[in-house]
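Single-letter residue listing:
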Amino acid sequence: MTNNPNQQIYVMPEGAQRTTGRSAQSNNIMAAKIVAETVRTTLGPRGMDKMLVDAMGDVIVTNDGVTILEEMHIEHPAAKMIVEVAKTQEDEVGDGTTSAVVIAGELLKKAEELLVQNIHPTVIVNGYRQAADKAQDILKDLSINCSENDKKLLLQAAMTAMTGKGAENSKEHLSEIIVEAVSQVLDKTGSKNKIEKEFVKVEKKVGDSVKESELVKGIVIDKERVHSSMPKMIKNAKVALIDSAIEMKDTETDAKISITSPDQIQSFLDMEEQLVKKMVETISKSGANVVFCQKGIEDLAQHYLSKKGIFAIRRVKKSDMEKLARATGANIINNLDDLTEKDLGLAGLVEEKTVGDEEMTYVQECPNPKAVTILLRGSTEHVIDEVKRAVEDAIGDVSAILTEGKIVGGAGATEIEVSRNLLKFSESFSGREQLAVKAFSEAIEVIPRTLAENGGLDPIDCLTNLKSEHDKGNVWSGINVFTGKTIDSIENGIIEPLKIKTQAINSASEVAIMILRIDDVIAAGKSPEPSGMPSDMQ
Ligand code: ADP
Ligand code: MG
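Fair warning: this is a prediction, and the values are worked out from it, not measured in the lab. (Residues numbered from 1 in each chain as written. Chains lettered and ligands numbered in written order. Predicted model: local features only at pLDDT ≥ 70, side-chain atom pairs only at ≥ 80, totals over all residues. Heavy atoms only, no water.)

(A) Structural context of the packing of aromatic side chains. Scanning the model with the defined rule gives two aromatic pairs in all. Arranged with centres 5.4 Å apart and planes meeting at 80 degrees, the rings of Tyr128 and Phe440 form a pair that is edge-to-face. Here the residue Tyr128 occupies a position in helix α5 (residues 121-142), and Phe440 occupies one in helix α13 (residues 431-444), the gap between them amounting to 312 residues. Classification of Tyr128 as buried rests on a relative accessible area of 0%. Of the residues examined, Phe440 reaches a relative accessible area of 0% and is grouped as buried. Between Phe425 and Phe429, the aromatic rings sit 5.2 Å apart at their centres with planes inclined by 80 degrees, giving edge-to-face as the arrangement. (Phe/Tyr/Trp six-rings, centres within 6.5 Å; stacked < 30°, edge-to-face > 60°. Helix = DSSP H or I, 4+ residues; strand = E, 2+ residues; numbered from the N terminus. Buried < 20%, exposed > 50% of the residue type's maximum accessible area, 1.4 Å probe, protein only.)

This is the structure in structure tokens:
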């Protein structure tokens, strides 16, 4: 074959797009800044909420950074990377999602100013890296110890997380519940404290007011007992957790049974009945008086179980089964024949209650439960959903404090202190790298500035006052967003876990660096949709 020099060569499919150099960079930075700008107005106690309406017309009213970004279904690739920052923050801490995104946006904004001055991205990246590392050290030096006995600080941290959110009005009551719940599931075995947040189950029920929300020392399950003649309430419950069906097993293959006489039908039915009866017998012999089954319980089994006075629930979610195991101390049993008394868990009281207009099952008074439930109440679905998000933020904060044992002050105090120290640090650099470290230091100021702006205050005045307080050595001086005066954040109970700040700065700088290093965007054209399949199913 001969090569034709005039032949066009396609290395990418038709419809693919490519942007390179400065225009790729500014495109990406612009997209990232837009994302940060969107959530910025929600930051802090005086941040506003957003109403999100999806394609089905469903409405969410929220102040929560990660929820807003998830619901926006962002498509731009660089903007998506910023959304990832919020998600990481949510997974790692549970709170501080807006701050992380706002810092990432500001880091990129400052970087762009340097790019315009013809400073090479690798110089900026290098400066940012060093500044980010230094910021971690500054934060650690600044933080104060807090143990599980400092209940007041834990309560204040929970309240700080809920300030300015839907849960604000009941934050005292809710923070008591949250601190007690998280302390209950704290695992102190080994050298490090561990908390698995999913073992604080947050269940919601519309009706009543947020103040009626309660902590249940055990698990609340959104289900009712399978048979109405079962007891509604069992004291001193012995709980069996079974993850196989309590019914006659279906044959694996389709079987045809030829029956030639009526006797045979009867004996077939009898055999089935005997089998089911035996299963119930095994349960009752173990001493269980409450059964949670992950699969089905057939009618006949329901009948026998209720005759034995056993309380049973079927089709319990796997995640709930695990929580029940943690709360009651029961083992989840695969094969019914293996069930013995040792596998049973304990609960002082198992009870079916009507909450709102639905039945729920409370498994409570468990001796030393390692899983608990916060049952939230609220007047409408929208109210309760937003309360739930705020409560989950607070659970994240209290967990972070109990695992790491470190706190810092909020209201912009920590950020100003980090920024000041980074500015000092920048003096150890020369030339362009110094500019990059300085830019990083200024970017961190975006948090107090935004808190002031959202409070309707003059950001320049606020920042000047704050800085002069910090110059005097008042490291915890922050903004009172209602008056604009400076206050001592720690004394005023504005407490946050160290982890919020380290994680936010860490992931924000990583994503900013990643975006800055891109100078070529190659996007494949959209592949044609196969007919008959909705686009979101692909
Ligand atoms: P995020 O998603 O980042 O947690 P929030 O809307 O929860 O966003 O706002 C958190 C910010 O609000 C933090 O910087 C925190 O220090 C600040 N903040 C919380 N409570 C107060 C308060 N009472 N006064 C001033 N700032 C506060
Ligand atoms: Mg928050």
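(B) Examining the pattern of salt bridges more closely. Evaluation of the coordinates by the stated rule reveals 26 salt bridges. For Glu203, the salt bridge identified is with Lys201, shortest N-O distance 2.9 Å. Of the two residues, Glu203 and Lys201, neither departs from the other in class, the shared state being buried. Put simply, Glu37, Arg40 and Glu453 are held in one network by salt bridges that share partners. (Salt bridge = Lys/Arg side-chain N within 4 Å of Asp/Glu carboxyl O.)

(C) Examining a nonpolar patch on the surface more closely. Taken together, the side chains of Ile257, Ile259, Ile265, Phe268, Leu269, Met271 and Leu275 present a nonpolar region at the surface, about 600 Å² in accessible area. One can find Leu269 in helix α8 (residues 262-286). The class of Leu269 is partly exposed, set by a relative accessible area of 42%. (Patch = residues over 30% accessible without salt bridge, like charges linked within 9 Å, V, L, I, M, F, W, Y side chains within 5 Å. Areas by Shrake-Rupley, 256 points an atom, 1.4 Å probe, with all protein chains shown as cover.)

(D) Just the side chain of Thr67, in detail. On the secondary structure map, Thr67 appears in helix α2 (residues 65-71). The buried category is assigned to Thr67, whose relative accessible area is 10%.

(E) Here's a closer look at the nonpolar core. With 131 residues, the main nonpolar core has Ile178, Phe292 and Ile374 as its most contacted residues. Looking at this core, the element that brings in the most residues is helix α4 (residues 97-116), giving 10 residues. What Ile374 contacts, discounting residues up to four positions off in sequence, is Ile177, Ile178, Ala181, Val200, Lys201, Val202, Glu203, Glu214, Leu215, Val391 and Ile395. (Core = buried A, V, L, I, M, F, W, Y, C linked by side-chain atoms within 4.5 Å. Contact = heavy atoms within 4.5 Å.)

(F) View of the packing of helix α6 (residues 151-162) against helix α7 (residues 171-185). Packing of α6 against α7 brings their axes to within 9 Å, and their N-to-C directions diverge by 125 degrees. Overall, the two elements α6 and α7 adopt an arrangement that is oblique. Judged by the sense of rotation from one axis to the other, the crossing of α6 with α7 is right-handed. Together, Lys151, Leu154, Leu155, Ala158, Met159 and Met162 of α6 and Lys171, Glu172, Leu174, Ser175, Glu176, Ile178 and Val179 of α7 make up the contact between the two elements. For the contact of α6 with α7, a count of residues per class yields eight nonpolar, one polar and four charged. (Axes fitted to C-alpha atoms, helices over the stretch in contact; angles between N-to-C directions. Parallel < 35°, antiparallel > 145°, perpendicular 65-115°, else oblique. Left-handed = near helix turned anticlockwise from the far one by under 90°. Nonpolar A, V, L, I, M, F, W, Y, C, P; charged D, E, K, R; others polar.)

(G) Representation of the sheet that holds strand β18 (residues 495-497) within the structure. Reading across the sheet, the three strands line up as β4-β15-β18 and stay open at both edges, with antiparallel pairing between neighbours. Only two strands of the sheet have a single partner each, and these edge strands are β4 (144-145) and β18. With three bridges joining them, strand β15 (residues 406-409) and β18 adopt antiparallel strand pairing. In the strand pairing of β18, Gly409 is matched with Ile495. Contacts from α6 reach β15 and β18 within the one sheet, and its direction differs from that of β18 by about 90 degrees. (Pairing = 2+ DSSP bridges.)

(H) Focus on the sheet that holds strand β6 (residues 214-216). Read across the open sheet, the three strands follow the order β5-β14-β6; overall the sheet is mixed. Each end of this open sheet is capped by a strand with a single partner; those strands are β5 (200-206) and β6. Within the sheet, the average angular offset between the axes of one strand and its neighbour, ignoring direction, is 25 degrees. Two strands pair when backbone bridges link them, and β5 and strand β14 (residues 372-378) are joined in this way by seven bridges, in the parallel orientation. Among the inter-strand pairings, Lys205 is bridged to a residue of β14, identified as Arg377. The strands touched by α7 within the sheet are β5, β6 and β14, with β14 carrying the most contacts at an inclination of about 160 degrees. Its contacts with the sheet place helix α11 (residues 381-404) against β5 and β14, and it is angled at close to 165 degrees to β5.

(I) Fine view of the pairing of strand β8 (residues 233-242). The sheet contact formed by β8 and strand β12 (residues 345-355) spans six bridges and is antiparallel. Within the sheet, the bridge partner assigned to Lys235 lies in β12 and is Leu349. Here β8 pairs with strand β9 (residues 290-293) via four bridges, running parallel. Paired with Ile242 across the two strands is Cys293, which belongs to β9. As defined by bridge partners, β8 adjoins strand β11 (residues 332-333) across two bridges and the pair is classed as parallel. Opposite Ile242, over in β11, you have Ile333 as the bridge partner.

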